[in-house]
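Architecture and fold: a report
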Amino acid sequence: AFEAAWCAACAVEGTATIVIPEGAYLLGPIIFKGPCKGKMVMQLKGQLLASTHLEAYTQNWIDFQYINGLVISGGGIFNGQGASAWPHNQCPKTRICKLLPVNLVFSFVTNATISGISSINSKLFHFQIFESRDITLDSIRISAPGDSPNTDGIHIADSTNIQVTNSVIGTGDDCISIGPGCTNLTILNVACGPGHGISVGSLGKNANEKDVNGLAVRKCTFTGTTNGLRIKTWPSSPARLQATGFLFEDIIMNNVYNPIIIDQNYCPYANCPETDPSR
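Structural notes, computed from the coordinates. Worth saying up front: this structure is predicted, and the values here are computed from it rather than measured. (Residues numbered from 1 in each chain as written. Predicted model: local features only at pLDDT ≥ 70, side-chain atom pairs only at ≥ 80, totals over all residues. Heavy atoms only, no water.)

1. Notes on the layout of surface pockets
Threshold: Within this scheme a cavity is a closed region of a 1 Å grid, computed over the protein atoms alone, that accommodates a 1.4 Å probe without allowing it to escape, whereas a pocket is open but has protein on both sides within 12 Å along at least five of seven lines; lining residues each have an atom within 4 Å of a point. Grid points are joined across faces, edges and corners, and a volume is the space filled by probe spheres set on the points. Under the grouping applied here, Gly and all other residues not named as nonpolar or charged are polar, the nonpolar ones being Ala, Val, Leu, Ile, Met, Phe, Trp, Tyr, Cys and Pro and the charged ones Asp, Glu, Lys and Arg.
There is about 170 Å³ of room inside the second largest pocket. Taken together, 13 residues form the lining of the second largest pocket, with Thr233, Leu241, Gln264, Ser278 and Arg279 sitting closest to its centre. Taken together, the residues that form the lining of the second largest pocket break down as six nonpolar, six polar and one charged.

As structure tokens, this is what we get:
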């Protein structure tokens, strides 16, 4: 039903709106793919429940791809139902591991506004933005237990002109994490906690990574987080990266263990073979 509605709306010139009414709807993994003939609007008023059958997933839960002009709003909830999946996450212990599904992925998306919705209990990241530009996330609520593994609130990589504003994020990993290849990011009026703070990185784990340039974090509050403002890079990086043009101002820290931390020998595992310092 969701795929049929998307295909019908995607073929409409002008603006097409898909309305998901109040109520709870079980939804397996799905890809909403463009390009579409016009602007796509998805109004989620109810709650979408992710399937808990891990064998049903090849990768993520809800994937938006190759769309120019996208609005997601409506005040509804994307519920990843992650509690049953978290015990299967071996990634905090070993490098070679199977990733659990991300709640919402935006790949090759431009000119998008995501506002007024909630993401709860994702199996892995709540939001992932990749190879996208000109996206605003406003008045988002993200929630998962503080001990849920790798449930980053918003992960951004290889993207330009991304804004996160007026949002509340409490989760088990970084509230916002910024991967390589990002330029011109703005984070304004975000409340973070629980979580691991707002992190640049980790950077330098893989070859062919690109620089991070231009990040402004303003008027944010961290409460009960392990980190506040963090930059983390791997030792022995296969590529030499630069991370430049950062501005952090008007930040409030309440009971934050590492308010400001720059870690150039980042290794989340018990044993790391790298010996060379950060590049």
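2. Some points on the state of the cysteines
Selection rule: For the purposes of this analysis, a disulfide is any pair of cysteine sulfur atoms at a distance within 2.5 Å. Here a helix means four or more residues in a row that DSSP labels H or I, a strand means two or more in a row labelled E, and each is numbered from the N terminus. Remark: exposure states derive from per-residue accessible area (1.4 Å probe, protein chains only) relative to the maximum for the residue type, with buried under 20%, exposed over 50%, and partly exposed in between.
On inspection of all chains with the given rule, the structure shows three disulfides. Cysteine 10 shares a disulfide with cysteine 36; S-S distance 2.1 Å. The S-S bond linking cysteine 10 to cysteine 36 shows a torsion near -105 degrees; that makes this disulfide left-handed. Pair noted here: cysteine 10 is in helix H1 (residues 2–10) and cysteine 36 is in the loop between strand S3 (30–33) and strand S4 (39–44), with a separation of 26 residues, a long-range link. Using a relative accessible area of 18% as the deciding quantity, one classes cysteine 36 as buried. Residue cysteine 7 stays outside any disulfide, its sulfur separated by 7.1 Å from that of cysteine 10, the closest cysteine. When its relative accessible area of 52% is taken as the criterion, cysteine 7 is described as exposed. Cysteine 182 forms no disulfide, and the closest cysteine sulfur to it belongs to cysteine 220, at a distance of 16 Å. Residue class for cysteine 182 comes out buried when judged on its relative accessible area of 1%.

3. Concerning the pairing of strand S1 (residues 15–20)
For the record, the criterion: One requirement defines pairing of two strands: DSSP has to find at least two bridges between them.
Only one face of S1 is covered, namely the face carrying Ala16, Ile18 and Ile20; the face carrying Thr15, Thr17 and Val19 is uncovered. Of the strand pairs in this sheet, S1 and S4 are connected by six bridges, and their pairing is parallel. Across the sheet, threonine 17 pairs through a bridge with valine 41, a residue of S4.

4. Some details on H1
Basically, it comes down to this: Each direction from the helix axis to a C-beta atom contributes to the arc, which is the arc of those directions. Here, residues are in contact when the closest pair of their heavy atoms is within 4.5 Å.
Within H1, the full set of buried residues consists of Trp6, Ala9 and Cys10. What you see down the axis of H1 is that its buried residues fit within an arc of 100 degrees, all on one side. Across from the buried face of H1, at angles greater than 90 degrees, the exposed residues are Ala4, Cys7 and Ala8. Looking at the buried side of H1, the elements it contacts are S1, S3, S4 and strand S6 (62–73).

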